[in-house]
Each structure stands twice: as C-alpha cells, then as structure tokens.
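So the chains spell out like this:
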Amino acid sequence: MIKGTFFCIDAHTCGNPVRLVTSGHPNLVGETMSEKRLDFLERFDWIRQGLMFEPRGHDMMSGAFLYPPCSDNADASILFIETSGCLPMCGHGTIGTITAGLESGLITPRTPGSLIIDVPAGQVTIEYQEKDGKVASVKIFNVAAYLVHQNVTLNIPGLGELTVDVSYGGNFYVIVEPQANFPGIDQWSAAEILQWSPIVREIANENLDCVHPEDASVKGISHVLWTGKTQTQGSDAANAVFYGDKAIDRSPCGTGTSARMAQLFAKGELALGDTFVHESYIGSQFTGKIEGVVQIDAKGKNITAILPSIQGWAKVFAKNSITIDDDDPYAYGFSVK
C-alpha cells in the first residue's frame, strides 16, 4: 500500500543538502510553527524518517516543508526536517528552502527582495538577491542568540577534560575551542569528530540545563561546534558542526554561526555592527553580522542577546518524486550504526 508520494526539489547550501518537499504536506494542528512542529513529530514523523534516512536520504540529509504563514505579517512558514528530528531553526535549510521556493515559484513575496518567514523558533526576516533568474544570495535576520553557559569543564572518558561554552542561535550548541585535549579541527579527522561529538553532547546534556526562556519546547543541546584554524582566504573563524547521529555540516551552519557570534560578543571579542566570516569544514563561507542587541526576559532575569544575520547561497540541482510504500521493508528508513 502506498502511504505517500512526495515531490521534492533537491539543493545544497554551501555544500550541505536541502530537500524541499513540495507535495504531500500533512495538515498540522497549531497556531504557531512551534505548535505545528510538535504535532508533526507526534503524528507524522514517519514522513521525516522515510524522506531523510537511507535509502532515500543519508546521514547529512536535511529538508523542509513550506506552509502558509502563521502570522498576519508573514509570507510563508517553514517546517524543518532532518535525521535528528525537526529543528526549531535551521540556517542552511532556510537559505536552501528560500532559494528553491523562489526559483520554482512556490514563494511569492509581498515585497520583492524581502520575505518574512515563520519558523518554530519564532520569526525571521529574509533579504535576497537575484541574478539571471536565479537567487544569488540569501540573508537571514535570525532569532535572538545568546551565551547560555561559559567556561564549563566536562570530563570526557577516554579524552580527558574539555572546557566548553554553550550558546543558542536557534538551536543549542556546545562550542569547543582548541585546548590541551583538542588540538583543533585542522588537526582532527572527520572520523575523530564523529567519534567524540556524540559523547561530548551526551555528557553536556547530562550536566547542563538548556531551555529557551520563551519556549520550553526548545530545549537540550543538539549540536557540537568544534573550532580551529581556517583554510579559506577571508575567513575569520572555522568550524565543524556535528548534528544528528553521524553528520558533520558541510555548510558553515547558520544557527551555529549565530551561536558563535553570540558567544564571541559575550566575551567581548565581537561588537555591535561587526561582521564575521565563518568557514565550514569543507571551506565554504557564510557572512554573519551582529545587527542589534536586545534583552530577553528569563523569569525576571534579563539575558543580553544579539540579533544576528547570516548570508549565504544555495544551488538547486535535482527534482524528484519519492514514494513511501508499506510494502517496502525499509519504508521508514534506516541508519547504519
């Protein structure tokens, strides 16, 4: 029995995949994208599993659904899907979704060159540039980002002590800078990053409380951002972002870039108005900027946060139709451990 057929536009943002699902949208319950995200996870997670995991996807696969806006002032809404679940916000996914949506005519902006998009983490504003009928670049004015924990020492069995920070940029990140037990991403292989990241994330989640003060459904550390020397001219910093069970982000990571800028701002290493060119593990770049500074109310205690922007590009390369059939023993995907 065929359970669902989904037309998809495949793209990549600075090297990391984005699969925009353009048909087969389930009807979701909720007033906000945060509520609809939870409803999707409860009732329709088989769609995510079937489209993101092997054999139709892979460990790095990310995707999205476009929905009508939840807010009166918005142009559209995005639901993010990937192997790790449904993220509150995804920067590379937004850039890829906006690019594919505009080029295919699925998004019609109220004001050419700009969009307002509802996402589970809140609302983001988009500016984009077009050239020769294609989207040349997308700039996201992201949700507020802030440093959550600073200079925390974690004991990692087999590796030793790591001093880390935790920062929020739409998702919660453990940030690991070069130190005695970590020489930097330029000295570690991808295999070493994949080996230690899930352990660091698990221990960090066991020891550190991370809940967004404005949305309790946004909680827990989902990503690990390792840093090190750059390889591309013009980069201010480099990262290898781990997510899911076995994925290293091929893009510089939009929410990771936001989290990193918030961390550096809190430490006095970036200031309002500064730009920040962030480099991925493969050398591709996003340009970040601290656009503003705000206060977030956390149960009567103010948290200083930045309003970050991230600019990057995406390329569409395929269109396909994917069927999920109950007769297929791997209808809902698998992952090789």
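Residues numbered from 1 in each chain as written. Predicted model: local features only at pLDDT ≥ 70, side-chain atom pairs only at ≥ 80, totals over all residues. Heavy atoms only, no water.

A.B. asks: How should I be thinking about the pattern of salt bridges in this particular structure?
C.D. replies: Side-chain pairing between opposite charges can occur once the charged atoms of the two side chains come close. Going through the model one piece at a time under the given rule, you end up with nine salt bridges. Of the charged contacts, one joins R43 and D39 as a salt bridge, the two residues approaching to 2.8 Å between their closest N and O atoms. Here R43 and its partner D39 are both found in helix 1 (residues 33–43), four residues apart, which amounts to about one turn of the helix. Residue class for D39 comes out buried when judged on its relative accessible area of 10%. Ionic contacts of the salt-bridge type, sharing partners, join the residues D165, E177, R260 and K267 into one network. (Salt bridge = Lys/Arg side-chain N within 4 Å of Asp/Glu carboxyl O. Helix = DSSP H or I, 4+ residues; strand = E, 2+ residues; numbered from the N terminus. Buried < 20%, exposed > 50% of the residue type's maximum accessible area, 1.4 Å probe, protein only.)

A.B. asks: Please clarify how unusual backbone geometry should be interpreted in this entry.
C.D. replies: Leaving glycine out, the prevailing phi sign among residues is negative, and the prevailing peptide bond configuration is trans. Between E54 and the following residue, P55, the backbone shows a cis peptide bond with an omega angle of 5°. Mapping P55 onto the fold places it in the loop between helix 2 (45–52) and strand 3 (62–67). You will see that C14, though not glycine, has its phi angle at about 50°, which is positive. Turning to its location among the elements, C14 is positioned in the loop between strand 1 (2–13) and strand 2 (16–21). For C14, a relative accessible area of 2% puts it in the buried group. With a phi close to 55°, D132 is a non-glycine residue in the positive phi region.

A.B. asks: How do you make sense of the side chain of R19 when you look at a structure like this?
C.D. replies: Among the secondary structure elements, R19 is positioned in strand 2. Reaching out from R19, the side chain makes a polar contact with the backbone oxygen of L51 at a distance of 3.0 Å. Beyond its immediate chain neighbours, meaning those up to four positions away, R19 contacts C8, I9, D10, L51, M52, R56, G57, M61, S62, G63, A64 and I322. (Polar contact = N/O pair within 3.5 Å; in protein donor to acceptor, adjacent residues only side chain to side chain. Contact = heavy atoms within 4.5 Å.)

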